[in-house]
Amino acid sequence: SAYMERADKDIFISIKPVDGGASIKMALPAKHNLNWYRWAGNDVLLISQTGITQIYGFEVPLSGLMSYNLVTRKLQQLGPKKRGLAGDDVLYIEPQGKYMLMTMQDSIFDPPAVYRVDIAANKLTEIVKAQSGIDTWLADKRGIVRMGVDYTASALKIYYRRNQGDKFALIT
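Residues numbered from 1 in each chain as written. Predicted model: local features only at pLDDT ≥ 70, side-chain atom pairs only at ≥ 80, totals over all residues. Heavy atoms only, no water.

### Some remarks on the nonpolar core
- Among the nonpolar cores identified, the biggest contains 15 residues, and Leu-46, Leu-65, Val-90, Met-100 and Met-102 are the most heavily contacted of them.
- Elements represented by at least two residues in this core include exactly strand E4 (33–40), strand E5 (44–55), strand E8 (89–93), strand E9 (99–104) and strand E10 (113–118).
- In this structure Met-102 touches Leu-65, Gly-87, Asp-88, Asp-89, Val-90, Leu-91, Ala-113, Val-114, Tyr-115 and Val-117, once residues within four positions along its chain are discounted. (Core = buried A, V, L, I, M, F, W, Y, C linked by side-chain atoms within 4.5 Å. Buried < 20%, exposed > 50% of the residue type's maximum accessible area, 1.4 Å probe, protein only. Helix = DSSP H or I, 4+ residues; strand = E, 2+ residues; numbered from the N terminus. Contact = heavy atoms within 4.5 Å.)

### Quick look at the sheet that holds strand E15 (residues 169–170)
- Strand order in the open sheet made by the 4 strands is E12-E13-E14-E15, with antiparallel pairing throughout. A single partner strand is all that each edge strand has here, and the edge strands are strand E12 (136–139) and E15.
- Both strand E14 (residues 156–160) and E15 contribute to a ladder of 2 bridges, which runs antiparallel. Looking at E15, one finds that Tyr-159 is bridged to Leu-170. (Pairing = 2+ DSSP bridges.)

### Quick look at the pattern of salt bridges
- Here the structure, examined in full by the defined rule, presents 3 salt bridges.
- For the salt bridge of Lys-25 with Glu-5, the shortest nitrogen-to-oxygen distance reads 3.9 Å. With Lys-25 in strand E3 (residues 24–27) and Glu-5 in strand E1 (residues 2–7), the pair connects residues that are 20 residues apart, well separated along the chain. (Salt bridge = Lys/Arg side-chain N within 4 Å of Asp/Glu carboxyl O.)

### Looking at the layout of surface pockets
- Each pocket or cavity is described by its volume, and for the largest pocket that value is around 220 Å³.
- As for the largest pocket, its lining consists of 16 residues, and the residues nearest its centre are Val-44, Asn-69, Gly-97, Ile-119 and Ala-120.
- Of all the secondary-structure elements, those providing two or more residues to the lining of the largest pocket are strand E6 (58–69) and strand E7 (74–78). (1 Å grid on protein atoms, 1.4 Å probe; cavity = no way out; pocket = protein on both sides within 12 Å on 5 of 7 lines; lining within 4 Å. Points joined across faces, edges and corners; volume = space filled by probe spheres on them.)

### Observations regarding a nonpolar patch on the surface
- A contiguous nonpolar surface patch, about 520 Å² in accessible area, is contributed by Tyr-56, Phe-58, Ile-108 and Phe-109.
- Among the structural elements, Ile-108 can be located in the loop between E9 and E10. (Patch = residues over 30% accessible without salt bridge, like charges linked within 9 Å, V, L, I, M, F, W, Y side chains within 5 Å. Areas by Shrake-Rupley, 256 points an atom, 1.4 Å probe, with all protein chains shown as cover.)

### Regarding the packing of aromatic side chains
- Counted under the stated rule, the structure contains 2 aromatic pairs.
- Seen from their ring centres, Tyr-92 and Tyr-99 are 6.2 Å apart, and the 45° between their planes marks the pair as tilted.
- On the accessibility criterion, Tyr-92 (12% relative accessible area) is buried.
- By relative accessible area, which is 18% here, Tyr-99 ends up buried.
- Sitting above the plane of the Trp-36 ring, Arg-38 keeps its charged end 4.1 Å from the centroid.
- Above the ring of Tyr-99, the side-chain terminus of Arg-116 is found at 3.5 Å from the ring centroid. (Phe/Tyr/Trp six-rings, centres within 6.5 Å; stacked < 30°, edge-to-face > 60°. Lys NZ or Arg CZ within 6 Å of the ring centre and 35° of its normal.)

### Thoughts on the pairing of E5
- In terms of residue burial, E5 counts as a mostly covered element, since 9 of its 12 residues are buried.
- Looking at chain direction, E4 and E5 are connected through 7 bridges and run antiparallel. Note on E5: the bridge partner recorded for Trp-36 is Ser-48.
- Counted between consecutive antiparallel strands, the loop separating E4 from E5 contains 3 residues, among which Gly-41 sits at a positive phi close to 75°.
- Pairing analysis gives 12 bridges linking E5 to E6, with the strands arranged antiparallel. The residue bridging Gln-54 from the neighbouring strand is Glu-59, located in E6.
- Between the antiparallel neighbours E5 and E6 lie 2 residues, among them Tyr-56 with a positive phi of about 50°.

### A short note on the sheet that holds E4
- Taken in spatial order, the 4 strands of this open sheet run E4-E5-E6-E7, and their pairing is antiparallel. Of all the strands in the sheet, just E4 and E7 have a single pairing partner and so form its edges. Strand-to-strand, the axes of this sheet are offset by a mean angle of 30°, without reference to chain direction. (Axes fitted to C-alpha atoms, helices over the stretch in contact; angles between N-to-C directions.)

Set out below in structure tokens:
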């Protein structure tokens, strides 16, 4: 099981193996907050955290995703180093924890694309290209990206596809 601990201003993620092994305790980076954590299979814990960065002199939140492998005891940052502000938008996690689907932006000015991320290797493969206006992508329980949402000041547009190879079509 995994759980969060606080000591003074520090935040830790602790893992207590169900087989009775020694507990593992990891500190989040300084000045970061824990957003969420969830298991990817039995051996990998995904950890979302948010820190602060500066853009044009303004402080803005920058989220990121790490994985911790219980077998290899390896902690790694997931996703590219250069990206937009949201680096923890996970759409789907394969049940065995081999890969996940997540959205990422090339920069703060670009719409997100959807990537298949090999969790162990941190290898990214773009599976749905960024589309102008679409801010949010949704996947079903089998890991098929089915829907994209475009939020504008005057309307909400929903794009849908029935099958993985189909093009997205405006439905509303």
